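Commentary on secondary and tertiary structure
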Amino acid sequence: QVQLVECGGGLAQAGGSLRLSCAASGRTFSLNTMAWFRQAPGKEREFVANILWSGDSTYYANSVKGRFTISRDNAKNTVFLQMNSLKVEDTANYSCAGDHRALWLNPHAAEYGYWGQGTQVTVSS
C-alpha cells in the first residue's frame, strides 16, 4: 500500500503563487506515476498535471500549462506542484494521486489507485 499526504494549500491573491507538496510513504518503490487533480465546488474532478518517477516526462492540462510546474524529489518521495500566476478559477481542492503504472499522458482519475486527502487552494481577486 501507498499513503499520500498533501500540504501547502491556502489562500493566495490572483497573480500570486503557492507550492503544494505530496509526500508518499509505504511501498513507494512501486510507484510509477504521480499526478495532481483538483475539484471545485459543483464541478467534476479535473486533471492538472502528472509526472513519471523516472525520467523527466510531465504532462499538463491546457488550463495550467505555462503557469504550473510539477516536479519530484525521489530521495524524499515527494512530488511538488508550483503554482504561479494564480487565477480565481484555480480555486479548488487539490489532490495528489499515484499509481504503479506508467500513466504519462493519461488524465483519467479512475486510472490512479492511490489518493491523498486533498488540500484546499483559494485564490481571491
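Sequence order as written defines residue numbering, which begins from 1 separately in each chain. Totals for whole chains, interfaces and linings use every residue, but because this is a predicted model, local features are given only for residues with pLDDT of at least 70 and side-chain atom pairs only at 80 or more, for both listing and counting. As a rule here, side-chain values cover all heavy atoms of the structure and leave hydrogens and water aside.

Describing the environment of Glu89
Quick reminder of the rule: Each helix is a run of DSSP H or I of at least 4 residues and each strand a run of E of at least 2, with the numbering of both proceeding from the N terminus.
Topologically, Glu89 is positioned in the loop between β8 (78-83) and β9 (92-99). Separated by 32 residues in sequence, Glu89 and Val121 have C-alpha atoms that sit 10 Å apart.

Points about the environment of Ile70
Going by this rule: Summary of the burial criterion: residues with accessible area below 20% of their type's maximum are buried, those above 50% are exposed, and those between are partly exposed, where the area comes from a 1.4 Å probe applied to protein chains only. Any two residues whose heavy atoms approach within 4.5 Å at even a single point are treated as in contact.
Within the secondary structure, Ile70 sits in strand β7 (residues 68-73). Note on Ile70: relative accessible area 4%, which makes it buried. Taking the C-alpha atoms as reference, Ile70 lies 16 Å from Thr119; in sequence the two are 49 residues apart. Leave out the neighbours within four places in its chain, and Ile70 touches Met34, Trp36, Ala49, Asn50, Ile51, Thr58, Tyr60, Val79, Phe80 and Leu81.

Points about the state of the cysteines
What counts is decided by this rule: Count a disulfide wherever a pair of cysteine sulfur atoms falls within 2.5 Å.
Within the structure shown, the criterion is met by one disulfide. Here Cys22 pairs with Cys96 through a disulfide, and the sulfurs are 2.0 Å apart. A torsion of -75° about the S-S bond marks the disulfide between Cys22 and Cys96 as left-handed. Taken together, the positions of Cys22 in strand β3 (residues 18-26) and Cys96 in strand β9 put the pair 74 residues apart, joining distant regions of the chain. Just as Cys22 is buried, Cys96 falls in that class too. The cysteine Cys7 is free of any disulfide, with Cys22 supplying the nearest cysteine sulfur at 8.8 Å.

What is shown is where atoms sit, not what they do.
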